[in-house]
Protein chains: 2
Amino acid sequence: MRAIDIIIKKRSKFELTKREISFMVQNYVNNIITDYQMSSFLMACFLNGLNNVETSYLTKEMIMSGDRYDLSKLEKYCLIDKHSTGGVGDKTSLILAPIASYFNLKVPMMSGRGLGHTGGTLDKLESIKGYKVLFNQEKFINIISECGYVMVGQTDDIVPADKKIYALRDASGTVESIPLLTSSILSKKVAEGAKNLVMDVKMGSGAFMKEHKDAFKLAESIIKTSKELGLNTRALITDMSNPLGRNVGNFLEVKECIEIIDPNIFKEFWTYQKKNLTYTYKGLSSDLMIISIELASHMLMMCNKARDKIEAQDMIIKAIENGNVLDIFYKNVELQGGDLSRLKRDLQERSSPYKYQLLAEKDGYIKDIDAYKIGAAAVLLKAGRDKKNDIIDYDSGIVFFKKKEDFVKKGETILEIHAKKEKHIENSLPLIKVAITITDNNKDISPFLGVIEELINF
Amino acid sequence: MRAIDIIIKKRSKFELTKREISFMVQNYVNNIITDYQMSSFLMACFLNGLNNVETSYLTKEMIMSGDRYDLSKLEKYCLIDKHSTGGVGDKTSLILAPIASYFNLKVPMMSGRGLGHTGGTLDKLESIKGYKVLFNQEKFINIISECGYVMVGQTDDIVPADKKIYALRDASGTVESIPLLTSSILSKKVAEGAKNLVMDVKMGSGAFMKEHKDAFKLAESIIKTSKELGLNTRALITDMSNPLGRNVGNFLEVKECIEIIDPNIFKEFWTYQKKNLTYTYKGLSSDLMIISIELASHMLMMCNKARDKIEAQDMIIKAIENGNVLDIFYKNVELQGGDLSRLKRDLQERSSPYKYQLLAEKDGYIKDIDAYKIGAAAVLLKAGRDKKNDIIDYDSGIVFFKKKEDFVKKGETILEIHAKKEKHIENSLPLIKVAITITDNNKDISPFLGVIEELINF
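About the cut-offs
- Residues numbered from 1 in each chain as written.
- Chains lettered and ligands numbered in written order.
- Predicted model: local features only at pLDDT ≥ 70, side-chain atom pairs only at ≥ 80, totals over all residues.
- Heavy atoms only, no water.
- Salt bridge = Lys/Arg side-chain N within 4 Å of Asp/Glu carboxyl O.
- Helix = DSSP H or I, 4+ residues; strand = E, 2+ residues; numbered from the N terminus.
- Buried < 20%, exposed > 50% of the residue type's maximum accessible area, 1.4 Å probe, protein only.
- Least-squares fit on C-alpha atoms with pLDDT ≥ 70 in both.
- Contact = heavy atoms within 4.5 Å.
- Pairing = 2+ DSSP bridges.
- Axes fitted to C-alpha atoms, helices over the stretch in contact; angles between N-to-C directions.
- pLDDT = per-residue confidence, 0-100.
- Patch = residues over 30% accessible without salt bridge, like charges linked within 9 Å, V, L, I, M, F, W, Y side chains within 5 Å.
- Areas by Shrake-Rupley, 256 points an atom, 1.4 Å probe, with all protein chains shown as cover.
- Lys, Arg positive; Asp, Glu negative; His and termini not counted.
- Charge placed at Lys NZ, Arg CZ, Asp CG, Glu CD.
- Buried area = accessible area lost by both parts, 1.4 Å probe.
- Nonpolar A, V, L, I, M, F, W, Y, C, P; charged D, E, K, R; others polar.

Our next topic: the pattern of salt bridges. Here the structure, examined in full by the defined rule, presents 51 salt bridges over all chains. For A:Asp5, the salt bridge identified is with A:Arg2, shortest N-O distance 3.0 Å. Here B:Arg350 ties to B:Asp395 by a salt bridge, and the two come within 2.7 Å at their closest N and O atoms. With B:Arg350 in the loop between α16 (340–349) and β9 (354–359) and B:Asp395 in the loop between α17 (371–380) and β11 (397–400), this pair connects stretches of sequence that are 45 residues apart. Taken as a pair, B:Arg350 and B:Asp395 share a single burial class, namely buried. Salt bridges here are not isolated pairs; linked through shared partners, they connect A:Arg113, A:Asp123, A:Glu126 and A:Arg385.

Right under this line is the structure:
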């Protein structure tokens, strides 16, 4: 068997066998197949596709390239994870993991770092002083056992094939491939020990998948491949055309999450939300809450903790209102090495040295806040990474005072930019300005779509 | 400008600009773009194609990556070359270059080495003791001036982009791409100084292009791109389903060429050929002669030495019959450093130590001699290369006693295998046996098609 023949076979649109896929993955991980052969192979896979059988072979082969966490100690619990394809201001993991944990679900969550316009869960959590995201298996299991969830990064021993292949895809233009994305996501979920998965497939300008047809294909591929892997998976396609929530930027997003699960703030917010009075109340934005509760509801339903979404939602709201969710969040912070008293102080005091308020130049309704442009602006503010090894500034970012559909008066603040240096504000401002569209007429605004589609039994 | 964006642009089926193509080629040659980015780019070009404008930009950029021979000293002559896409037993260059030279055409011919099942002109010529194929520009021009043609390899200074890109394509599965083949072929033709080109696009099992539609596309692409480059090009699509001529193997092919242009042998052969009595007479096979004369005729017509093909053919036959063509061949051998008296002795005496005659197992007609299998068998006999750095044995190969449409009696010799070691014969024999098909009925044999199509004014 030769790599060149397998490349040519895929280039010529033939289906690859299990042995051929195994040959490519194993030999690439062992440095026998070169980067240039692998990148040519990946481009052939990108353009000619892999069917569901090939994708599941690829995923299995990737899983076998490294260790698999043994969570048999936790097998009496419902082991479940949520994964998002990435967005701007997407911080639902921080909200739903403590929710799920409160209901005795166990969440072994392996996340990534931000790259390009999309943020990463690990970066957000590491903005909490002391918070650690790399543990050995024993500690990994202990944290889950104690607080119900753990948030970790991919160690070198977990799916090394994915690490190596993903870095190459990133450099050679083959990231946005349905089968390659599928295998990358699912290999890590199986290796971390999850048995159930709620997949949040983001769709819109701030997402990988701009169009519904692509988001649907990815969701379909993930569900079908999950079946082959024995992973019970549901997928939700959700709106990522505008940034999710109020804040974009790492510590700003942590702060927003803590506020949203703070019983006092939440209660008042939820009262307003139920009346549908406004999307943004006291700076909390309901879009984030809607998506977080939807995803958490599916987790409860999949683990047979709730019969339907109404029941699940009631349970979740009560748990937040009682302060149980926030307690678990804080417990997790401590278990993962975070300095809790410092965090509580930081929530009050910590801030960027430079701030700039963008004011409305005329009266009107916010028609659109382009998530892609905001994500790219966050990179210019050093809240995100342009290249993998860029160092990020945890405090910088953007705080929205107004969101889509909100009315804004001339001179009123639309958003506030937080930055470490004045020139970062200068760099990002033009992009932020063009991201915002204001209209006279609130009739031509497409509302926040929330969950666009649910793929449950497929 | 970034390589990754250009890769993604081509991956997404957009047309590339001159600047983008220039960026890729220049930075790859200068080792700024990595092999793995380039191979991914080449696979995207392979699968999504390059249009004629993009192909001509690529070709021009490749030409500019190195030196161009200055043949202004020869500008009063018609500077013409012939190029073949490669086949099995394809040795027409050795025959038509001295023919063209006799009629005062000047032929600066840059050829390649054999790889895989196809042979290479340089290997054939280097089987002549002392024959050299690398010269500086001065010597290059001197040889053309003195005997009318020169046969050289690609030096490091001529189209270095092609050398580097071709090696990568070979290793990463992107060889058989119409635009990439076009740019590779034409960049060298323009750089060597040719103004006119007859392109022999081989079609059939022994060729790159197995199907007519692919051969036609390549011919079309070469002609259209030639126009953009100011190169006057005609293309012939010719039959490469069976090996061309009597011999396959380097020195064996040189020998066959010398016999075919030997006036005494040719005269008798041509008498029979005109009567259409048989395809193989005294071991000389008319298919090679037909293709060689066709190609040479087009060269004469393009350079206004003959009005039509009939006139050209008459001129060519006379030149061979008078011994003028053989004289020029020998003159070229001496000018390129070959030992002529040694060559003449070798023609009589030199031979492989091991020979094996394959005999017919039953009476019948030869229906097919699969060129691909014969080419692959030649590699097993060490007459060809499996990998670029393999050392080849110049004397080994296959001599056909019978060709397609010939009748063969049980026990009669179909072909003779020549090899340096007995085990090479053992290795190649099974493949050679399955390459030969014999039938009872001579009605279902598709004849040698010769020139299948001529693309002249396109």
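Past the structure itself, the notes keep going.
Under the fitted operation, chain B is carried onto chain A by 0.1 Å of movement along the axis and a turn of 180 degrees, and the coordinates agree to an RMSD of 0.1 Å. What the superposition gives is, in effect, a two-fold axis relating one chain to the other. When C-alpha positions in chain B are compared against the rotation axis, the closest is assigned to B:Tyr36, at 1.9 Å. Of all interface residues in chain B, 100% are interface residues in chain A too; the two copies therefore contact each other through one and the same surface.

Right, let's get into the sheet that holds strand β1 (residues 80–84) of chain B. Residue and element names in this part refer to chain B. Pairing is mixed in the open sheet, where 4 strands are placed in the order β1-β4-β5-β15. Whereas interior strands pair on both sides, the edge strands pair on one side only; in this sheet they are β1 and β15 (451–455). Here the average twist between neighbouring strands, direction ignored, is 15 degrees. In terms of strand pairing, β1 meets strand β4 (residues 196–203) through 5 bridges, oriented parallel. Bridging across to β4, Asp 81 finds its partner in Leu 197.

Here the focus is the confidence of the model for chain A. Within chain A, residue pLDDT values average 94, and 98% of them lie at 70 or more. In the model output, the complex is listed with pTM 0.84 alongside ipTM 0.82.

Right, let's talk about the sheet that holds β11(B) for a bit. Residue and element names in this part refer to chain B. Reading across the sheet, the 4 strands line up as β6-β11-β13-β9 and stay open at both edges, with antiparallel pairing between neighbours. Looking at strand neighbours, the two that pair on one side only are β6 (247–248) and β9, the edges of this open sheet. Pairing analysis gives 2 bridges linking β6 to β11, with the strands arranged antiparallel. Opposite Asn 247, over in β11, you have Val 399 as the bridge partner. Relative to β9, helix α18 (residues 422–435) is tilted by about 25 degrees, and along the sheet it contacts β9, β11 and β13 (413–419).

Before going further, it helps to examine the side chain of A:Thr238. Of note, A:Thr238 is situated in strand β5 (residues 232–239). Those residues within four positions of A:Thr238 in sequence are excluded, and the remaining contacts are A:Asp200, A:Val201, A:Lys202, A:Met203, A:Ile291, A:Gly450, A:Val451 and A:Ile452.

Here the focus is a positive patch on the surface. A contiguous patch of positive charge on the surface is contributed by A:Lys382, A:Lys387, A:Lys420, A:Lys421 and A:Lys423. Mapped onto the elements of the fold, A:Lys421 is located in the loop between β13 (413–419) and α18 (422–435).

Once that is clear, we can look at the pairing of β1(B). β1(B) sits mainly inside the fold: 5 of its 5 residues count as buried. Burial of β1(B) is two-sided: the residues B:Ile80, B:Lys82 and B:Ser84 facing one way and the residues B:Asp81 and B:His83 facing the other way are all buried.

With 22 residues of chain B at the contact, the number on the chain A side is 22 residues. Taken together, the two surfaces of chain B and chain A that pack against each other cover about 1700 Å², and 64% of this comes from carbon and sulfur. The three residues of chain B that bury the most area against chain A are B:Arg11, B:Tyr36 and B:Leu47, which together make up 35% of that side's buried surface. Applying the counting rule to chain B against chain A returns 2 salt bridges. Taking the shortest distance from any N to any O, the salt bridge between B:Glu176 and A:Arg11 comes out at 2.9 Å. Elements that contribute at least two residues to the side of chain B that touches chain A include exactly α1 (3–11), α3 (35–48) and α8 (160–172) of chain B. For the side of chain B that touches chain A, the element with the highest residue contribution is α3(B), accounting for 10 residues. Class assignment of the residues belonging to the side of chain B that touches chain A gives a composition of 11 nonpolar, 7 polar and 4 charged.

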